[in-house]
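Working through the structure, step by step
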Amino acid sequence: MSTRKQQGIPTRQARPISRDVVMNPNKGLNNLGSPNLIDNREWADLLNIEFDEGGVARKRMGFEQFATDLTNARGLGSFVTESLNQVTTVDNGTFKYSTGTSWTADATVSFTVDKPVWFTQARSAQYIFDETLGGARWTGSVLSRPGTLPKAKFSIFTQSYHIASGVDGQQNRIYISELADASKFTRTTGSLNDATEVPGATVFSGTTANFIDIQPGDGDRITGLGTFQNVIIIFKQFSIYQMTFDDTGDPVVTPVTNAAGCISARSVVNVENDLYFLSREGIRVLGNEPNFFSSIRTNILSKRIEPTTRNINETYFTKSNAIYFDNQYIMSAPTSSATIDTTLVYNKEFQAWSKWQGTEADAYTKFVNSDNEQRLLFLAEDGTRVNQFTPGTYTDDGIPIRAYLLSKVFDFKNPDITKYFVDLGLMFRTISGLVDLEVYTEGNVLFGGSVGIAGNPVTDGMGISMLGLTMLGLGGGTSTTQEAFADVVRRVVINTNSTTIRFRIENARNNENFVLLGYIHAFYPYGHYLFDSTKKIYL
């Protein structure tokens, strides 16, 4: 009998499955880098997506019509006093105002048809510029053209001064109104006393209006105005200046940079403590230099979407216009032609870019309605209607919103290693209706066709039948496309070999929505030596 101690045969341990969990995919669009190399929470492509809550991705809100009966409108403004709350525009050369639903016309003063229109509120009046004629003045009941305003392209009201520029014939000049009268940019004698000094003006009166020329003759015209903290920012195409007032009220100008400028006055928007604007290099941010709060710096904000910003039509740069609303910088711009056809959206909280379509705007403004709700309004690019974005609505006034997300190409930092992909887990906060899903394997090959994911209860279960028999059209379960519930988790069975994987989800149906919380890849990686011999190189 053997005295050797008996030893048990060790049990074979199951190989653990690899799981890659991505939650809060909120870093937005990145089409600059390779889709293999972008961050897991970025998207290689997307459309009509917003980032919300703690960083979820959702279909953007829709819009509905605000007011009817426009034919060829240009520009959009808001005029608010203690007693008035109006939205204003110029339609086919006629000034119109509205408090919602319909427009009231005032033809006392005419404007040039098809010219961009700029609105600035100053000292309880609204000033209207159309680039061709001297500025007009609206008090809420009386429309006039005082004759003392230049034919400016843009203006701002700050530090009690009305400041205008972009005047053909004086392309380097900043006009500064009288301190007590925002309509007076001319003088009786001396400078500012003729139409050469103030193009567009016809009445020359007053004594205290002022001006300053910024690097005259440098071949670089003034293209925009903005405010940053207690200074006025003056943009040219290729340079930026800051202006303050000394103790006597005279302007003092110093350069910020000669390395960048602005190409659209309508893109200049205050965003929290910074100033955003469109430059030839993309969308930039102007703010304080860290640790040097008296020094102003500018950086490119849109580097991750540079292929998109490069497509903005250079001939029509000036049509690009923007607004800051609900933590988002929203800018509409023309790409392939003169028509505004793209909207770029930057979420400041998550530092995430998105791209919208169907919302192409000639101009934006904000409006507080009778329920004390602030709404974002935009004038449609064709000038026929003003729309208002409506939270919780997922249709563009009856037209379906096409929204999709295309993931990065996942190789899990092993691009040459074959993996056996088991399934893809998708976590939704909400699905209202259906979400269409496509999965792509190595070489961007569509795997298994497209399948619909519903957020509604089904009677045929999930089990091993992929998404349940109902989703495959084989079951007798019932579902309704209107009912939705929260925290929808689905596993898409894949069971295939590939070195990479990516997915695409889309919804393009009326009044349907989805909110994506995150996703999980489950797979088994093979060893190093499993490699396609046709791709090997022998020396």
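Numbers given for residues are sequential positions, taken from 1 along each chain in its written order. In view of the model being predicted, local features appear only for residues whose pLDDT reaches at least 70, and side-chain atom pairs are presented and counted only at 80 or more, with totals across whole chains, interfaces and linings using the full set of residues. Water and hydrogen atoms play no part in the side-chain values, which are based on all heavy atoms of the structure.

**Notes on the pairing of strand β12 (residues 118-122)**
The rule is simple: take the accessible area with a 1.4 Å probe, protein chains only, and divide by the maximum for that residue type; under 20% is buried, over 50% is exposed, in between is partly exposed. Note on conventions: DSSP H or I runs of at least 4 residues are helices, E runs of at least 2 residues are strands, and numbering of each starts at the N terminus. Taking burial as the measure, the 5 residues of β12 include 4 buried ones, the bulk of the element. Where β12 lies against strand β13 (residues 125-129), 5 bridges are found, and the strand directions are antiparallel. Its bridge partner lying in β13, Trp-118 is registered against Phe-129. Strands are treated as partners if at least two bridges between them are detected by DSSP. Linking β12 back to β13 in an antiparallel pair, the connection comprises 2 residues, with Arg-123 at a positive phi of about 50 degrees.

**Topic: the pattern of salt bridges**
When a carboxyl oxygen of Asp or Glu lies within 4 Å of a side-chain nitrogen of Lys or Arg, that pair is called a salt bridge. With the rule as written, the count across this model stands at 25 salt bridges. Ionic pairing is found between Asp-45 and Lys-355, a salt bridge with its closest N-O pair at 3.8 Å. One end of the pair, Asp-45, is in strand β4 (residues 45-47); the other, Lys-355, is in strand β31 (residues 352-356), and 310 residues separate them in sequence. Classification of Lys-355 as buried rests on a relative accessible area of 19%. Across the pair Arg-310 and Glu-306 runs a salt bridge whose closest N-O atoms are separated by 3.8 Å. Residue Glu-306 is classed as buried on the basis of its relative accessible area of 17%. Here the salt bridges share partners, and the residues they tie into one network are Lys-153, Asp-168 and Arg-221.

**Some details on the sheet that holds strand β9 (residues 85-91)**
Where strands meet in a sheet, backbone hydrogen bonds hold them as pairs that are either parallel or antiparallel. Spatially, the 4 strands line up as an open sheet ordered β8-β9-β10-β11, and their pairing is antiparallel. Strand pairing shows two members of the sheet lacking a second neighbour, β8 (73-80) and β11 (102-110), which therefore form its edges. If you compare each strand with its neighbour and ignore which way they point, the axes differ by 25 degrees on average. Summarising the sheet, strand β10 (residues 94-100) and β11 pair through 5 bridges and their orientation is antiparallel. Note that in β11 the partner of Gly-100 across the bridge is Ser-102. Note on method: axes are straight lines fitted to C-alpha atoms, helices fitted across the in-contact stretch only, with angles between N-to-C directions ranging 0 to 180 degrees.

**Some words on the confidence of the model for the chain**
Confidence in the prediction for the chain averages 90 pLDDT; 90% of positions are at 70 or higher. Confidence of the predictor at the level of single residues is given by pLDDT, which spans 0 to 100. When checking whether two residues touch, look at their non-hydrogen atoms; a contact exists if any pair is within 4.5 Å. Across residues 457-485, confidence stays below pLDDT 50; counting only partners more than four residues off in sequence or on other chains, it has 60 contacts.

**Some remarks on the pairing of strand β17 (residues 161-165)**
Burial within β17 is extensive, with 5 of its 5 residues counted as buried. Of the two faces of β17, both are covered, the one formed by Tyr-161, Ile-163 and Ser-165 as well as the one formed by His-162 and Ala-164. Direction of pairing for strand β16 (residues 154-158) relative to β17: antiparallel, over a ladder of 5 bridges. Bridge pairing in β17 places Phe-154 opposite Ser-165. Connecting β16 to the next strand, β17, in antiparallel fashion are 2 residues, including Gln-159 with a positive phi near 50 degrees. Where β17 meets strand β18 (residues 173-176), 2 bridges bridge the pair, whose relative direction is antiparallel. Across the sheet, residue Ile-163 finds its bridge partner in β18, namely Ile-176.

**Some remarks on unusual backbone geometry**
Positive phi, close to 55 degrees, is recorded for Gln-229, a residue that is not glycine. We classify Gln-229 as exposed; its relative accessible area is 56%. Here Gln-351, not a glycine, exhibits a phi torsion of approximately 50 degrees, which is positive. By the secondary structure assignment, Gln-351 is in the loop between β30 (340-347) and β31.

**Observations regarding the packing of aromatic side chains**
Here a Phe, Tyr or Trp ring, Trp counted by its six-membered ring, pairs with any other such ring whose centre lies within 6.5 Å, and the pair is stacked when the planes are under 30 degrees apart, edge-to-face when over 60, and tilted otherwise. By the definition in use, this model includes 23 aromatic pairs. Ring plane angle 65 degrees and centroid distance 5.3 Å describe the contact between Tyr-276 and Tyr-329, whose orientation is recorded as edge-to-face. Of this pair, Tyr-276 sits in strand β25 (residues 274-279) while Tyr-329 is found in strand β29 (residues 328-334), placing the two residues 53 residues apart along the sequence. Under the relative-accessibility criterion, Tyr-329 is labelled buried at 1%. Each member of the aromatic cluster is reached from another via a ring pair, and the members are Trp-43, Phe-410, Phe-412, Phe-421, Phe-503, Tyr-519 and Phe-523. Whether a charge sits over a ring depends on NZ of Lys or CZ of Arg being within 6 Å of the ring centre and within 35 degrees of the ring normal. Across from the ring centre of Phe-211, 4.0 Å away, lies the NZ or CZ of Arg-173, which sits over that ring.

**Concerning the sheet that holds strand β22 (residues 240-245)**
With respect to topology, 4 strands assemble into an open sheet ordered β20-β21-β22-β23, the strand pairing being antiparallel. In this open sheet, the two strands that pair with only one neighbour each are β20 (222-228) and β23 (251-257). Averaged over neighbouring strand pairs, the angle between their axes works out to 25 degrees when direction is ignored. The pairing of β20 with strand β21 (residues 231-236) spans 6 bridges and is classified as antiparallel. Bridge pairing in β21 links Gly-224 to Phe-235.

**Examining the side chain of Thr-342**
Relative to the assigned elements, Thr-342 resides in strand β30. A distance of 3.3 Å separates a polar atom in the side chain of Thr-342 from a polar atom in the side chain of Asp-341. Those residues in contact with Thr-342 that lie beyond four places of it in its chain are Met-331, Ser-332, Ala-333, Thr-335, Lys-355, Trp-356 and Glu-360. Nitrogen and oxygen atoms within 3.5 Å of one another constitute a polar contact, given that in protein one can donate a hydrogen and the other can accept it, and given that sequence-neighbouring residues count only through two side-chain atoms.

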